[in-house]
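What follows is each chain in one-letter form.
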Amino acid sequence: MTSQQTATSMKTEFKNDLQFALSMDKADELAEFRKQFLIPKTKDGKEWIYMAGNSLGLQPAKVRDYIGEELDDWAIHGVEGHWDARHPWLPYHENLTEMAARLVGAKPIEVVIMNTLTVNLHLMMVSFYRPTKERFKIIIEADAFPSDRYAVDSQASFHGLDPKTAIVALRPREGEFTLRHEDILAAIEKEGPSLALVMLGNVNYLTGQAFDMKSIAAKAHEVGAKAGFNLAHGAGNLHLHLHEDDVDFAVWCSYKYLNSGPGSLAGCFVHERHSKDFTLPRFAGWWGHDKKTRFQMGPQFDPIPGAEGWQLSNPPIFQLAALRASMELFDQAGMAKLRQKGDLLTAYLEFLLTEIGGDFFKLITPKDISQRGSQLSIKLKSQPKDFVKLLRERGVICDFREPDIMRAAPAPLYNSFEDVYNFAKTVGEHVS
Ligand SMILES: *Cc1c(COP(=O)(O)O)cnc(C)c1O
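Residues numbered from 1 in each chain as written. Predicted model: local features only at pLDDT ≥ 70, side-chain atom pairs only at ≥ 80, totals over all residues. Heavy atoms only, no water.

1. Section: the site of the ligand
If you check the shell around the ligand, you find Leu117, Thr118, Phe145, Asp148, Asn230, Ala232, His233, Tyr255 and Lys256 and nothing else. Take Asp148: an N or O atom from its side chain is 2.7 Å from a nitrogen atom of the ligand. Lys256 has a polar side-chain atom sitting 2.5 Å from an oxygen atom of the ligand. Contact with the protein chains hides 83% of the accessible area of the ligand, taken as 390 Å² for the molecule alone. A per-class count over the shell around the ligand returns four nonpolar, three polar and two charged. (Near = heavy atom within 4 Å. Polar contact = N/O pair within 3.5 Å; in protein donor to acceptor, adjacent residues only side chain to side chain. Areas by Shrake-Rupley, 256 points an atom, 1.4 Å probe, with all protein chains shown as cover. Nonpolar A, V, L, I, M, F, W, Y, C, P; charged D, E, K, R; others polar.)

What follows is the structure, encoded as structure tokens:
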């Protein structure tokens, strides 16, 4: 059974009661993973109903030990830790490569953990946004995350272009909240020979809408453009197949669904077909240099084939240690199973919110589960900010985006059906 079918057939059996939610938790083979996380508590010692994992994921219990090991090895070995630490620091980021590749559906040569998200987005555009007089436009969502918009605008300006003409921002149709797939493809077709790059989030942060990367990348390539995606809300959320989807590049942060702590490191994917293209312009740093000759400290840059060749600096080990603790959990659970549970949790949340009904809010995330992950965006009709604050006072944590969107994200690694039930119950008790 596909997860689409599972969620559809389950929906008919969903019940709005605690016993039902508890029975779902009992049958959930991933339920044990919750114990691997530190769940914040209210003043009276009750665990928060945490639905903000798409904003900042919770702390895996092992993070403290993993960072502690590196602190100890630094105290014991000093600089020798680069070779003598239990997990030597020189190749430390390589501990994450295979897990990251499995997470996003890539080959190991296609991924690297480095820098932070917006930095990686810029580095990728240095290589893959090469505007010419005829071909210079970038397609992005009109309601893209602001950092993405600033990044593409400033790239256009950097090349001496006016963002007003270089950036094509896609808006939903009048009266609609999300983009229609056919409209995205039509826009690519329309810009055709003037289009240099399609740069979309693979899950829009605001609406929770997931895009079909494969057909978007194919369309972009058909007109001669490149396709890059920001997976900030997709990595650790959707079951991704970046290699097969044939996207040119992708970037993601690791502090949202990937639980590696505030401001933590980012991931970067460069498709294998670009891995040995050393003619691509890139901003270079010593960590991207051939490992065999890096420490000869010569003046000539000799890039490592693949995504690693885009590295700049030697990476922060404590942050990598935190990410390793989290990635091990993703690797144990596997994205296919996590997505299946995520679909059920999200469908259950949708069912319960629909039961509350009324015209207090509107769900703007697509109903079709192939167009969403573990997030529902709830457009509130009155006093949105106060409502989110009121929920917080009751130990229910979700994210708010101006002017009126509440985002609830049941994360399948640590959220339970009971959480979803209690979330909806609290919402139901306070809607007027
Ligand atoms: C979270 C997020 C960012 C944040 O960027 P940082 O460089 O990590 O601060 C950027 N873009 C999108 C789409 C995001 O969801």
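After presenting the structure, the write-up continues.
2. Let's talk about the environment of Asp72
Its location among the elements puts Asp72 in helix H3 (residues 63-77). C-alpha separation for the pair Asp72 and Asp148, spaced 76 residues apart in sequence, amounts to 38 Å. (Helix = DSSP H or I, 4+ residues; strand = E, 2+ residues; numbered from the N terminus.)

3. Examining the sheet that holds strand S9 (residues 249-253)
Spatial strand order, S4-S10-S9-S8-S7-S5-S6: seven strands in an open sheet with mixed pairing. If you trace the sheet from one side to the other, it starts and ends with strand S4 (111-114) and strand S6 (167-170), each paired once. Strand-to-strand twist across the sheet, computed as the mean angle between neighbouring axes with direction ignored, equals 20 degrees. As paired elements, strand S8 (residues 226-230) and S9 share three bridges and run parallel to each other. Counted as the bridge partner of Phe229 is Ala250 from S9. On the sheet, helix H7 (residues 146-158) packs against strand S5 (137-141), S6, strand S7 (195-201) and S8 and is oriented at approximately 155 degrees with respect to S6. (Pairing = 2+ DSSP bridges. Axes fitted to C-alpha atoms, helices over the stretch in contact; angles between N-to-C directions. Contact = heavy atoms within 4.5 Å.)

4. Structural notes on the domain arrangement of the protein
The assigned domain composition of the protein is domain 1 (3-61 + 335-430) and domain 2 (91-331). Listed as interface residues are 32 residues of domain 1 and, on the opposing side, 25 residues of domain 2. Buried area between domain 1 and domain 2, summed over both chains or domains, comes out near 2400 Å², and the portion from carbon and sulfur atoms is 64%. Three residues stand out in domain 1 for area buried against domain 2, namely Pro60, Met335 and Ile364, and they jointly supply 23% of the buried area on that side. Inspection of the domain 1/domain 2 interface yields zero salt bridges. Remark: the boundary between domain 1 and domain 2 carries 15 residue pairs in polar contact (both at pLDDT 80 or more). (Domains from an automatic or database assignment. Buried area = accessible area lost by both parts, 1.4 Å probe. Salt bridge = Lys/Arg side-chain N within 4 Å of Asp/Glu carboxyl O.)

5. Thoughts on the pattern of salt bridges
Evaluation of the coordinates by the stated rule reveals 31 salt bridges. In this structure, Glu308 engages Lys291 in a salt bridge whose closest nitrogen and oxygen atoms are separated by 2.9 Å. Of the two residues, Glu308 sits in the loop between strand S10 (266-270) and helix H12 (317-333) while Lys291 sits in the loop between S10 and H12, which places them 17 residues apart along the sequence. A salt bridge links Arg394 to Glu393; the nearest nitrogen and oxygen atoms lie 3.9 Å apart. By relative accessible area, Arg394 is classed as partly exposed at 41%. (Buried < 20%, exposed > 50% of the residue type's maximum accessible area, 1.4 Å probe, protein only.)

6. Considerations on the environment of Gly57
Counting through the fold element by element, Gly57 comes out in the loop between strand S2 (49-50) and strand S3 (59-60). Judged by relative accessible area, which is 8%, Gly57 ranks as buried. In this structure the C-alpha to C-alpha distance between Gly57 and Gly261, which are 204 residues apart in sequence, comes to 7.1 Å. Contact partners of Gly57, with chain neighbours within four places excluded, come to Tyr255, Lys256, Asn259 and Tyr414.

7. Things to note about the packing of H3 against H12
Axes are the key here: two packed helices are described by the angle between their axes and the distance separating the axes. Running from N to C, H3 and H12 point in directions that differ by 145 degrees, and their axes come no closer than 8 Å. The hand of the H3/H12 crossing is right-handed. Where H3 abuts H12, its residues Val63, Tyr66, Ile67, Glu69, Glu70, Leu71 and Trp74 lie against Ile317, Phe318, Ala321, Ala322, Arg324, Ala325 and Glu328. Among the residues making up the contact of H3 with H12, the classes are represented as ten nonpolar, no polar and four charged. (Left-handed = near helix turned anticlockwise from the far one by under 90°.)

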